[in-house]
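Results of the structural survey
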Amino acid sequence: MRILLIGAGGRMGHAVLAAAAQDSSLTIAAKVERGGALALALERCEVAIDFTVAEATEGVVQSCAERRKPLVLGTTGQSAGQKEAIAAASREIPIVFAANFSIGVNVLFALARRAAELLGKEFDRDIIEMHHRTKKDAPSGTAKRLAAILGEDLVEPVSVRAGDIVGEHAVIFSGTGERLELIHRAGSRATFAQGALRAARWVVRQSAGLYSMEDVLGL
Ligand code: NAD
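1. Side note on the sheet that holds strand β9 (residues 179-186)
Taken in spatial order, the four strands line up as β7-β6-β8-β9 in an open sheet, and their pairing is mixed. Lying at the two open borders of the sheet, with one neighbouring strand each, are β7 (158-161) and β9. Within the sheet, the average angular offset between the axes of one strand and its neighbour, ignoring direction, is 15°. Pairing between strand β6 (residues 124-131) and strand β8 (residues 167-174): seven bridges, direction antiparallel. Paired with R125 across the strands is F173, a residue of β8. Across the sheet, helix α5 (residues 103-119) lies against β6, β8 and β9, angled at about 170° from β9, the strand it touches most.

2. Examining the pattern of salt bridges
For the structure shown, the criterion picks out eleven salt bridges. Across the pair D137 and K135 runs a salt bridge whose closest N-O atoms are separated by 3.0 Å. Just as D137 is buried, K135 falls in that class too. Close ionic contact of E168 with R185 constitutes a salt bridge, the shortest N to O distance being 3.5 Å. On the criterion of sequence distance, the pair formed by E168 in strand β8 and R185 in strand β9 is long-range, its members being 17 residues apart. Among the charged side chains, a salt-bridge network with shared partners connects E43, E66 and R67.

3. Topic: the pairing of strand β3 (residues 47-50)
Of the two faces of β3, the one holding V47 and I49 and the one holding A48 and D50 are both buried throughout. Relative to β3, strand β1 (residues 2-6) runs parallel, the two sharing four bridges. Paired with L4 across the bridge in β3 is A48. For β3 and strand β4 (residues 71-73), the ladder comprises three bridges, and the chain directions are parallel.

The rules we used
- Residues numbered from 1 in each chain as written.
- Predicted model: local features only at pLDDT ≥ 70, side-chain atom pairs only at ≥ 80, totals over all residues.
- Heavy atoms only, no water.
- Pairing = 2+ DSSP bridges.
- Helix = DSSP H or I, 4+ residues; strand = E, 2+ residues; numbered from the N terminus.
- Axes fitted to C-alpha atoms, helices over the stretch in contact; angles between N-to-C directions.
- Contact = heavy atoms within 4.5 Å.
- Salt bridge = Lys/Arg side-chain N within 4 Å of Asp/Glu carboxyl O.
- Buried < 20%, exposed > 50% of the residue type's maximum accessible area, 1.4 Å probe, protein only.

Laid out in structure tokens, this is it:
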């Protein structure tokens, strides 16, 4: 499978290159950085993976839709307008749009949903997320997704930006005399990179639509 990697020079770009080098079933056939010739690079590939910045999203989804190339979109922090552009493009091509490609975090989504159902609204719900000091968006896309699962009116994520933390998310249910904590810690970007490659293998077999990593994993 021939992949176009958009944002190849970034932290996630490097992690995807390293993960792809371990997998003989796929090739990073083209790489694009800021200002690169995206349309030309897309022609040479079957699927695109994007880890860039939210400002790039509209151009990326439109280019992929025009050339009928499936997309794995890992970039976070999009505005409502940018999300509309993703939804519009997904009527033409299959797109996996996931704030977090790690298997553990997607299981955390399912566990948080179940815990919220079981514990009810008598338990306070809190989300704390921690990332490296250069992360651009806050709260993280993963924390926003957790907030949507728990009821956005009930919880506002707390964000910590410090050091070189790859990514941590804690969901805390506090009752009277007891507390339940669900915590995920990513120790390496390899988990996101491997998940993005798994999503790429999956998305090329789908029809047009907007999919999540939970769809890819069948959760
Ligand atoms: P980074 O700043 O290290 O890398 C971003 C790269 O994109 C840079 O090399 C930059 O030059 C390039 N870029 C910017 N605009 C571009 C454009 N228009 N075209 C092509 N390249 C462009 O950031 P990062 O840590 O790699 O994170 C990238 C994004 O991925 C962020 O939104 C982050 O939140 C997200 N992320 C998602 C997951 C996930 O599992 N979905 C995991 C980690 C990070």
